Amino acid sequence: MAAERIYIFKRFERFWHWSQALLIMFMMLTGFEVHGLYSIFGFKAASELHTIAAWTLVSLWVFAIFWHVTTGEWRQYIPTLEKVDAMMKFYLTGIFTDAPHPFKQTTVRKHNPLQRLAYLFVLLLINPLIWTTGWFYLFYSSWEDWGIAGFLSLEWVAFFHVAAAFMMLIFFIAHIYLATAGHTVTSHIKAMITGWEEVED
Amino acid sequence: MSFINKTGWSMAMLFAVSLGFSGLMQTTEVQAAADAADDATAKAKSKSTADHSKFKELDVNFKSGPEVTKACIGCHTEAAKQLHTTKHWKWDYINPDTNQHLGKNNVINNFCTSVPSNYKFCTACHIGYGWEDDKFDFTAEEKVDCVVCHDTTGKYKKLPGLAGHPNYETIEWPPHSGKFRPPTDLKTIAQNVGKTSRATCGACHFRGGGGDAVKHGDLDTSLTNPKKHLDVHMDAEGLNFSCSKCHTADAHEVAGSRYQPTAKEDKGRLIPGSLDERNTATCVACHDNAPHKGSLSKMNEHTDKLACQVCHIPAYARGNQFTKMTWDWSTGGKVDEQGQPIKIKGSDGKVKYDSKKGDFTHDRYVVPEYQWFNGEVKWTLVDDTFDPDQILKINSFTGSADDGKSRVWPTKVFRGKQMYDKVNNKLVVTSLSDDPDSALWKNFDHKKAVEYGMKYVGKEFSGEVGFIETEMSWPITHMVAPKDDAVDCHQCHKENGRLAGIDGLYIPGANNTPLMDKLGLAIAFLTLIGVLFHGALRYIMHKRGG
Ligand code: HEM
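Residues numbered from 1 in each chain as written. Chains lettered and ligands numbered in written order. Predicted model: local features only at pLDDT ≥ 70, side-chain atom pairs only at ≥ 80, totals over all residues. Heavy atoms only, no water.

**Overview of the coordination of the iron atom of the ligand**
All names here are of chain A. Heads up, the rule is: Coordinating donors are taken to be N, O and S atoms lying within 2.8 Å of the metal, or within 3.2 Å when the metal is Na, K or Ca; because water is excluded from the atom set, some sites may appear incomplete. By the criteria applied here, four donors are tetrahedral when all angles lie between 85 and 135 degrees, four are square planar and six octahedral when opposite donors are over 155 degrees apart and every other angle lies between 65 and 115, and any other arrangement is irregular. Working definition: helices are DSSP H or I runs of at least four residues, strands are E runs of at least two. Numbering for both runs from the N terminus. Note on classification: 1.4 Å probe, protein chains only; a residue is buried when its accessible area is under 20% of the maximum for its type, exposed when over 50%, partly exposed between these limits.
Every protein donor of the iron atom of the ligand is accounted for by H50 (NE2) and H161 (NE2), and the metal-donor separations fall at 2.0 Å. Taken together, the six donor atoms coordinating the iron atom of the ligand and their angles of 82 to 179° define a geometry best described as octahedral. On the criterion of sequence distance, the pair formed by H50 in helix α2 (residues 43–71) and H161 in helix α6 (residues 154–178) is long-range, its members being 111 residues apart. Under the relative-accessibility criterion, H161 is labelled buried at 15%.

Shown next as structure tokens:
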């Protein structure tokens, strides 16, 4: 099986991906400790680390959004239903019989249709939810000044923040696995490190 | 000046250290050396422009307290009049918010229960002389006791039973102890008057409830000369605050009130000179609501719901002394084989049974009970009826998560069982000490004692005494720990933490969303199983196919 190498992930994208991955893992680790699921750092440290990581993540996102907008790369996330069924079929059967991957990555179409949907879910639901609730959480003391204290309760803010955190956890597990479901087990992962993806020609 | 002080101090210390550096020195010697040094500094430190020992008006062999007072008000012409308007003098107070008629002379508590008919005994802690019955003249200026608050010698002592007087003759004290107190040296005391101190305020307030540490839990004689770990502000070798540093006095009316406490303030610091008539005796008055800086600023987000004291007073009775926790009057009156009243001590060394009073329990380093509090205290007074099948809250702290005026406060809840009128379902005034024929502590007859007490205050009594279970709440606000000893985050931010069960608080880490946690973890787990299964299948099929 001949393989072709194409350059898919640019330097910033790779940096963004891995630093975000680390941060999100760390935020899950500290966040769920704050939530009381276990004790590693101790509540105080977990809460402080989570807050530091939150600010870091927020700044990273600011850069990432700027990058996506200026480079037009945001289009990568526009959803499409085209070939979704083919992808589903591939993950359910073809992948076991080494059938050819129904999606061909190119520099302008990096994500397969299922990936697009998944990332859109992350971008449009999980992230905004985590971000807004996290933001309100951070600025709890200012609710009074902002005149929103009457509408918000920490209980609900935290509820949605935790709900989003669980969604993130579930996405994270599936995401790691699907990262092994490329042309070869490691091709996606290598691509995210080097930028170059092996694709079937 | 301060150089001399310091030298004096170091000399004393050097002396003390040389006496027994290797631990040979007895604690009493250390204490004596420290006290001597203290005395020296206290004298030298006084910044007063008047040295009372130089006044000929005070160079008199006073025969009684009122004579001293006459000398005082000879110069301090308005002092007694000022005191006449205070709670300290009147023991009578109407709460303008609730219109309840309060004050020591009116409320009933679950310690010694009631003042009327027991004046000679109780008024050892009144700032007056001679309040021995209900005919006391509250307009008499010479009956104001100046020196009980302004003594600096530590030698002035008003004794229970003397209606607010110190002893003028030699007296056996404590009674039947075989020890004798010489007559009070009023001249020396008068010549050494000065500012109030922890010792003078503490003479009564550390001994509320009839003895050291009994009542409040956060006030006892360990605060007379506390170390920093016991109280950061009163730390004798540090900030060395006197009570009046916070409880400032204006024309002798002292700030701070247990009848009308300040539970929550939305204002910032109280600026000296401000015309704002705020209570000065609050944390916020000096520290405002956002006192934590830098990496601690998250703590500021707690101040809307939690009183500062919640975190900064990790326990009460932290001075190693035992405070009284419960008092059951109903078991009083037991006698030994000779028919004599008895006292039994518990393993903690505290009296746990006393024929006069019943059963007690004591404790120290006690974790407070927490409750919402907006500063309004509702009392069950002697005219109020109640349901005897329920625990009676003699005072209840009003407040809730959503009234906007409350914060969660640490409290000592004192539990008791005491006399009440079984037919009318009302609290009662009980004769305990003064009247020889009815006093409970002499006759051990509850009915007789209540009969006399109720008659004394002109209230109806059915003739049947019952015992009602009661609770009283005391806000915990003294014994403020250094910041390193403040309550650790984890003590509340966990399941069943300190604040568990207080409604209207969201505490991260306290198992708030058990259902979602189960669901979230289950789905995450299933996802994990799913992908592992998928991967295994891929691997096997690949091997076969390959
Ligand atoms: C992958 C991203 C994130 C995850 C998995 C996550 C998870 C969590 C979890 C589980 C909690 C505990 C909530 C509770 O029990 O009440 C928490 C708390 C919190 N999160 Fe996040 N979070 C994330 C991102 C963020 C972001 C972006 C922000 C801010 C913009 C933020 C701000 C906070 C704050 C302020 C708290 C409260 C911490 C405390 O009480 O000390 N989080 N987070």
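**Focus: the pattern of salt bridges**
Here the idea is simple: oppositely charged side chains can pair when their charged atoms come close. Residue and element names in this part refer to chain B. Applied cut-off: Whenever Lys or Arg places a side-chain nitrogen within 4 Å of a carboxyl oxygen from Asp or Glu, that contact is recorded as a salt bridge.
With the rule as written, the count across this model stands at 16 salt bridges over all chains. Residues D51 and K54 are paired through a salt bridge, measuring 3.9 Å at the closest nitrogen-oxygen approach. Judged by its relative accessible area of 37%, D51 is partly exposed. Using a relative accessible area of 67% as the deciding quantity, one classes K54 as exposed. E471 is paired through a salt bridge with R415; the nearest N and O atoms lie 3.3 Å apart. A residue pair is termed long-range when its members are at least 10 positions apart, and E471 in strand β17 (residues 465–475) and R415 in strand β15 (residues 407–421) qualify at 56 residues.

**With respect to the environment of A:K190**
Residue and element names in this part refer to chain A. We count it as follows: Any two residues whose heavy atoms approach within 4.5 Å at even a single point are treated as in contact.
Mapped onto the fold, K190 is located in helix α7 (residues 187–194). For K190, a relative accessible area of 47% corresponds to the partly exposed category. Along the primary structure K190 and A179 are separated by eleven residues, whereas in three dimensions their C-alpha atoms are 9.8 Å apart. Sequence-distant contacts of K190, defined by excluding residues within four places in its chain, comprise G195 and W196.

**Concerning the confidence of the model for chain B**
All names here are of chain B. We apply this condition: The predictor rates its confidence in each residue with pLDDT, a number between 0 and 100.
Per-chain confidence: chain B averages 91 in pLDDT, with 92% of residues scoring 70 or above. Throughout residues 1–44 the model reports pLDDT below 50, and contacts reaching past four residues in sequence, or to other chains, amount to 16 contacts. This prediction of the complex comes with two scores: 0.87 for pTM and 0.89 for ipTM.

**Brief notes about the packing of aromatic side chains**
Residue and element names in this part refer to chain A. Rules: Paired rings are identified among Phe, Tyr and Trp, the last through its six-membered ring, by centres lying within 6.5 Å, and are further divided according to the angle between planes into stacked (under 30 degrees), edge-to-face (over 60) and tilted (the rest).
In the structure shown here, the tally under the stated rule is 35 aromatic pairs over all chains. Taken together, a centroid distance of 4.9 Å and an interplanar angle of 40° make the contact between W61 and W131 tilted. Of this pair, W61 sits in helix α2 while W131 sits in helix α4 (residues 113–138), placing them 70 residues apart in sequence. In this structure W131 comes out as partly exposed when scored by relative accessible area, which is 25%. Measuring from centroid to centroid gives 5.0 Å for Y140 and W143, while their planes differ by 70°, and the two rings are edge-to-face.

**Things to note about a nonpolar patch on the surface**
As a reminder, the rule being used: Exposure above 30% relative accessible area and no salt bridge define the residues that can form patches, which grow by joining like charges within 9 Å and nonpolar side chains of Val, Leu, Ile, Met, Phe, Trp and Tyr within 5 Å. In this description, accessible areas are obtained by the Shrake-Rupley approach with a 1.4 Å probe, and a residue is regarded as covered only by the protein chains that are shown.
Where nonpolar side chains cluster on the molecular surface, the patch consists of A:L29, A:L37, A:Y38, A:I40, A:F41 and B:L521 and spans about 470 Å² of accessible area. The topology assignment puts A:L37 in the loop between α1 (11–34) and α2. The class for A:L37 is partly exposed, based on a relative accessible area of 32%.

**Here's the deal with the nonpolar core**
The nonpolar side chains of soluble globular proteins are, as a tendency, buried together. The following threshold applies: Throughout this description, the term nonpolar core refers to a set of buried Ala, Val, Leu, Ile, Met, Phe, Trp, Tyr and Cys residues connected via side-chain atoms within 4.5 Å.
B:W379, B:V408, B:L499 and B:L505 are the most contacted members of the largest nonpolar core, which totals 50 residues. Put simply, the parts of the chain that give this core at least two residues each are β11 (369–373), β12 (377–379), β15, α13 (440–443), α14 (446–456) and β17 of chain B. Here the element with the most residues in this core is β15(B); it accounts for five residues. Non-local contacts of B:V408, meaning those with residues more than four positions away in its chain, are made with B:K305, B:L306, B:A307, B:V310, B:Y370, B:Q371, B:W372, B:L499, B:I502 and B:L505. Membership of the second largest hydrophobic core comes to 32 residues, among which are A:M27, A:A53, A:I126 and A:A164.

**Quick notes on the site of the ligand**
Using the following cut-off: Near, as used in this document, describes a residue that has one of its heavy atoms within 4 Å of the molecule or strand being considered. Polar contact criterion, stated in full: a pair of N or O atoms within 3.5 Å, where within protein one must be able to donate a hydrogen and the other to accept it, and residues adjacent in sequence count only if both atoms are side-chain atoms.
Not every one of the 24 residues close to the ligand is listed here, only the nearest: A:H35, A:S47, A:H50, A:H161 and B:Y506. Site remark: the ligand is flanked by residues from chains A and B. Contact between the ligand and A:H35: an oxygen atom at 2.4 Å from a side-chain N or O atom of the residue. At 2.7 Å, a side-chain N or O of A:S47 approaches an oxygen atom of the ligand. Only α1, α2, α4 and α6 of chain A provide two or more residues apiece to the shell around the ligand. For the shell around the ligand, the leading source of residues is α1(A), giving six residues.

**Some points on the pairing of β17(B)**
Consecutive side chains of a regular strand alternate in pointing toward one face of the sheet and then the other. Residue and element names in this part refer to chain B. The condition is simple: Only strands joined by at least two bridges in the DSSP assignment are considered to pair.
Counting buried positions over the eleven residues of β17 gives nine, a clear majority of the element. Bridging between strand β13 (residues 392–393) and β17 involves two bridges; their strand directions are parallel. Across the sheet, residue L392 finds its bridge partner in β17, namely T470. In the sheet, β15 pairs with β17 via eleven bridges, with the strands oriented antiparallel. Its bridge partner lying in β17, K412 is registered against W474.

**Remarks on unusual backbone geometry**
Most peptide bonds are trans, and most residues other than glycine sit at a negative phi. Residue and element names in this part refer to chain B. Looking along the chain, the bond that leaves W173 and enters P174 is cis, with omega of -5°. Within the secondary structure, P174 is located in the loop between β3 (171–172) and β4 (180–181). Even without being a glycine, W91 presents a positive backbone phi close to 50°. Tracing the backbone shows W91 in the loop between α5 (87–90) and β1 (93–94). For N99, which is not glycine, the phi dihedral falls at a positive 60°. Within the element layout of this structure, N99 appears in the loop between β1 and β2 (101–102). Residue classification places N99 among the exposed positions, given a relative accessible area of 61%.

**Some thoughts on the interface of chain B and chain A**
Worth spelling out the cut-off: Amino acids outside the nonpolar list (Ala, Val, Leu, Ile, Met, Phe, Trp, Tyr, Cys, Pro) and the charged list (Asp, Glu, Lys, Arg) are all regarded as polar, and Gly is one of them.
On the chain A side, the residues contacting the 30 residues of chain B number 31 residues. Our count for the contact surface shared by chain B and chain A stands at zero salt bridges. Summed over the shared surface of chain B and chain A, the number is ten residue pairs in polar contact (both at pLDDT 80 or more). A breakdown of the residues in the side of chain B that touches chain A according to their chemical character gives 13 nonpolar, eleven polar and six charged.

**Details of the side chain of B:T280**
Tracing the backbone through its elements, the reader meets B:T280 in the loop between β6 (253–254) and α11 (283–287). Within the local environment of B:T280, its side chain forms a polar contact with the backbone oxygen of B:C246, the two atoms lying 2.7 Å apart.

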